[in-house]
Amino acid sequence: MHLGATLRLLRVDAGLSLRDMARRIGVSSAYLSRVEHGVDAPPTAERLTAIARELDVPPALLMDVANRMSPYVSEYLEDVPGAGTLFLELARRRLSGSQLARVRDFLDVEFPVRGGLSDAPVPALAPLLAPERVVLQLSCGGWEDVLDVVAGRLAATLPGMDAARLAERLRQRDDESSCAVGGEVAVPHVFLQGAAPVAALVTLAKGLQVDTPDGRPLRLVVAAVDGERGRVRLTRMAHVARLAARGLAARLDEARQPGQVLAVLEEMEALR
């Protein structure tokens, strides 16, 4: 997974220049640029936490995209070594997302979190979709065609919005900073003042050879319109990048009905 692409996407959406973000987290612009372009290794967990704080998104999201363990988890394992055995038992049972959610619900009742250690809630993707905004196994001529398709599905839910104008807005945002986050996934999106958040999802019949951060062809497009700037919007984008890192494109590749897509998303999002 390419963490740098996600960091760049979130930074641009937050309205922060490369220099501003570098200054805020105490690194050089050159270093941060190398991270965003995948030249340098992902930042340490501590530095990722600092970046998440500046973006106002839950640090756990960036940790997951980077495949890094939270410092809180590692410190807990040092303090309570026996906890590692419990983690092993969970892994041995290969619990699904919905099963892990049941375990979490039990913990919330029996052992509620104290001291404000919980991250803010992560907005789910599935509720923003509807069967009519899910297009499966699309055959297309290129990236422009994909944007036209998602724009048409999104515009149908937005009063007074012209599909061609929306497609142009999506292209402009992608030109500003690529919406490809790796893992064969792209997340074209646009801000429309006052619009209710809505999403469309497209799987591609054949991998699309476009410029992606990890060099893998594009197989899944999750397009979104949002009417608010700030934490919720950025957190949702980071969450989609996390789903990409967890293999969302592969999970949806065999889907042939919109209901299957929504079921997979709900299962993957049971723990978020």
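Relevant structure appears above.
These figures come from a predicted structure and were not determined experimentally. (Residues numbered from 1 in each chain as written. Predicted model: local features only at pLDDT ≥ 70, side-chain atom pairs only at ≥ 80, totals over all residues. Heavy atoms only, no water.)

Caption draft 1: Molecular detail of the pairing of strand S5 (residues 198-208). Counting buried positions along S5 yields 9 of 11 residues, so the element is predominantly enclosed. Note: strand S1 (residues 134-138) against S5, 3 bridges, orientation parallel. Of the residues in S5, the one forming a bridge with valine 134 is leucine 201. Judged from the 7 bridges that link them, S5 and strand S6 (residues 218-226) form a sheet pairing that is antiparallel. Of the residues in S6, the one forming a bridge with threonine 203 is leucine 220. (Buried < 20%, exposed > 50% of the residue type's maximum accessible area, 1.4 Å probe, protein only. Helix = DSSP H or I, 4+ residues; strand = E, 2+ residues; numbered from the N terminus. Pairing = 2+ DSSP bridges.)

Caption draft 2: Looking closely at the environment of glycine 141. Following the sequence through the fold, glycine 141 ends up in the loop between S1 and helix H9 (143-155). For glycine 141, a relative accessible area of 72% gives the class exposed. Along the chain, glycine 141 and threonine 212 lie 71 residues apart, while their C-alpha atoms are 17 Å from each other.

Caption draft 3: Geometry of the pattern of salt bridges. Within the structure shown, the criterion is met by 16 salt bridges. A salt bridge links glutamate 36 to arginine 11, with the nearest nitrogen and oxygen atoms 2.7 Å apart. Of this pair, glutamate 36 sits in helix H3 (residues 29-36) while arginine 11 sits in helix H1 (residues 3-13), and the two are 25 residues apart along the sequence. Here arginine 171 ties to aspartate 148 by a salt bridge, and the two come within 2.6 Å at their closest N and O atoms. Here arginine 171 is found in helix H10 (residues 163-176), whereas its partner aspartate 148 is found in helix H9, with 23 residues between them in sequence. Arginine 171 gets classed as buried once you look at its relative accessible area, which sits at 15%. Exposure remark for aspartate 148: the relative accessible area of 39% places this residue in the partly exposed category. Connected through salt bridges with shared partners, the residues Glu144, Asp148, Glu168 and Arg171 form a single ionic network. (Salt bridge = Lys/Arg side-chain N within 4 Å of Asp/Glu carboxyl O.)

Caption draft 4: Helix H2 (residues 18-25), seen in detail. Listed as buried for H2 are Met21, Ala22 and Ile25. Looking straight down H2, one finds its buried side chains confined to an arc of 100 degrees; they lie on one side. Set apart from the buried face of H2 by more than 90 degrees, the exposed residues are Arg19 and Arg23. On its buried face, H2 is in contact with H1, H3 and helix H4 (45-55). Two residues or fewer past H2, glycine 26 is found with a positive phi of approximately 75 degrees. (Arc of directions from axis to C-beta. Contact = heavy atoms within 4.5 Å.)

Caption draft 5: Geometry of the nonpolar core. With 83 residues, the main nonpolar core has Trp143, Leu166, Leu201, Val225 and Leu265 as its most contacted residues. Sequence-distant contacts of leucine 166, defined by excluding residues within four places in its chain, comprise Ala151, Leu154, Ala155, Leu158, Met161, Val190, Leu192 and Val225. (Core = buried A, V, L, I, M, F, W, Y, C linked by side-chain atoms within 4.5 Å.)

Caption draft 6: Layout of helix H11 (residues 231-245). Taking 1.5 Å as the rise per residue, H11 with 15 residues should run 21 Å; its terminal C-alpha atoms sit 21 Å apart, in good agreement. Every buried residue of H11 is listed here: Arg233, Leu234, Thr235, Arg236, Met237, Ala238, His239, Val240, Ala241, Arg242, Leu243 and Ala244. (Expected span 1.5 Å × (residues − 1).)

Caption draft 7: Region of the structure containing empty space enclosed by the protein. All told, the structure shown has 2 cavities of 30 Å³ or more when counted by the stated rule. Lining the largest cavity are Leu128, His189, Val190, Pro197, Val198, Ala224, Val225, Asp226, Arg233, Arg236 and Met237. When contributions to the lining of the largest cavity are tallied by element, the ones reaching two or more residues are strand S4 (189-191), S6 and H11. Class assignment of the residues belonging to the lining of the largest cavity gives a composition of 7 nonpolar, 1 polar and 3 charged. A volume near 30 Å³ is recorded for the second largest cavity. Lining the second largest cavity are Leu7, Arg11, Met21, Leu32, Glu36 and Ile51. (1 Å grid on protein atoms, 1.4 Å probe; cavity = no way out; pocket = protein on both sides within 12 Å on 5 of 7 lines; lining within 4 Å. Points joined across faces, edges and corners; volume = space filled by probe spheres on them. Nonpolar A, V, L, I, M, F, W, Y, C, P; charged D, E, K, R; others polar.)

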